[in-house]
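What the coordinates show
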Amino acid sequence: MMDATAEFFDEISQRGHEPMLKRLSATLRWDIIDGDTTEHRLVRIDHGDLRVTMSEEPAECVIIVDRAVCNDVISGRTSALAALLRGAATVEGDTELMVLAQRLFPRRRGVSAGRSYVAGGGALDG
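Keep in mind it's a predicted model, so treat the numbers as computed, not measured.

Cut-offs used in this document
- Residues numbered from 1 in each chain as written.
- Predicted model: local features only at pLDDT ≥ 70, side-chain atom pairs only at ≥ 80, totals over all residues.
- Heavy atoms only, no water.
- Pairing = 2+ DSSP bridges.
- Helix = DSSP H or I, 4+ residues; strand = E, 2+ residues; numbered from the N terminus.
- Axes fitted to C-alpha atoms, helices over the stretch in contact; angles between N-to-C directions.
- Contact = heavy atoms within 4.5 Å.
- Phe/Tyr/Trp six-rings, centres within 6.5 Å; stacked < 30°, edge-to-face > 60°.
- Buried < 20%, exposed > 50% of the residue type's maximum accessible area, 1.4 Å probe, protein only.

**What to know about the sheet that holds strand β2 (residues 37-46)**
Taken together, 5 strands build an open sheet; the order of strands is β3-β2-β1-β4-β5 and the sheet is mixed. One side of each edge strand has no neighbouring strand; the edge strands of this open sheet are β3 (49-54) and β5 (89-93). For this sheet the average axis-to-axis angle between neighbouring strands, irrespective of direction, equals 20°. Bridge analysis of β2 against β3 gives 6 bridges, and the strand direction is antiparallel. Within β3, the position partnered with R44 by the bridge is R51. Strands β1 (25-34), β2 and β3 of the sheet are contacted by helix α1 (residues 4-15), whose axis makes an angle of about 135° with β3. The sheet strands contacting helix α2 (residues 67-75) are β1, β2 and β4 (61-66), and the helix crosses β4 at an angle near 105°.

Laid out in structure tokens, this is it:
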């Protein structure tokens, strides 16, 4: 069974293009820590065209997060900002790219891509 994180990266791969990122060309890497292992997911954005690979290749922005926290952010149980403020996630490199990366997250009815889940009426922490 796939968790929210695996489903998220699978969906990005299948999506292929994100119109809200049409002006962006960048690389982001998620380093997802799961016990003693770290999974590296590299997302290349080329004027909105998306490509996901499993790679430790350097990226302009690296998001380091525990798998459980990543699942919570992707599923909307917590916001990325809340995870950063708690120290449950860290960002290396271009932090503005991390903010833009939230446009990749699944859309929730009544919540725009730029607003936190909390603003849409959800709980800050699950």
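Text resumes after the structure shown.
**Observations regarding the packing of aromatic side chains**
Tallying each qualifying case throughout the model produces 3 aromatic pairs. Each ring, one from F8 and one from F9, has its centre 4.8 Å from the other, and the planes form 65°; the classification is edge-to-face. The residues F8 and F9 share a single accessibility class, namely buried. Between the aromatic rings of F8 and W30, the centroid separation amounts to 6.0 Å while the plane-to-plane angle is 75°, which identifies the pairing as edge-to-face. Here F8 is found in helix α1, whereas its partner W30 is found in strand β1, with 22 residues between them in sequence. Each of the two residues, F8 as well as W30, counts as buried. A connected cluster of aromatic rings, assembled from ring pairs, spans F8, F9 and W30.

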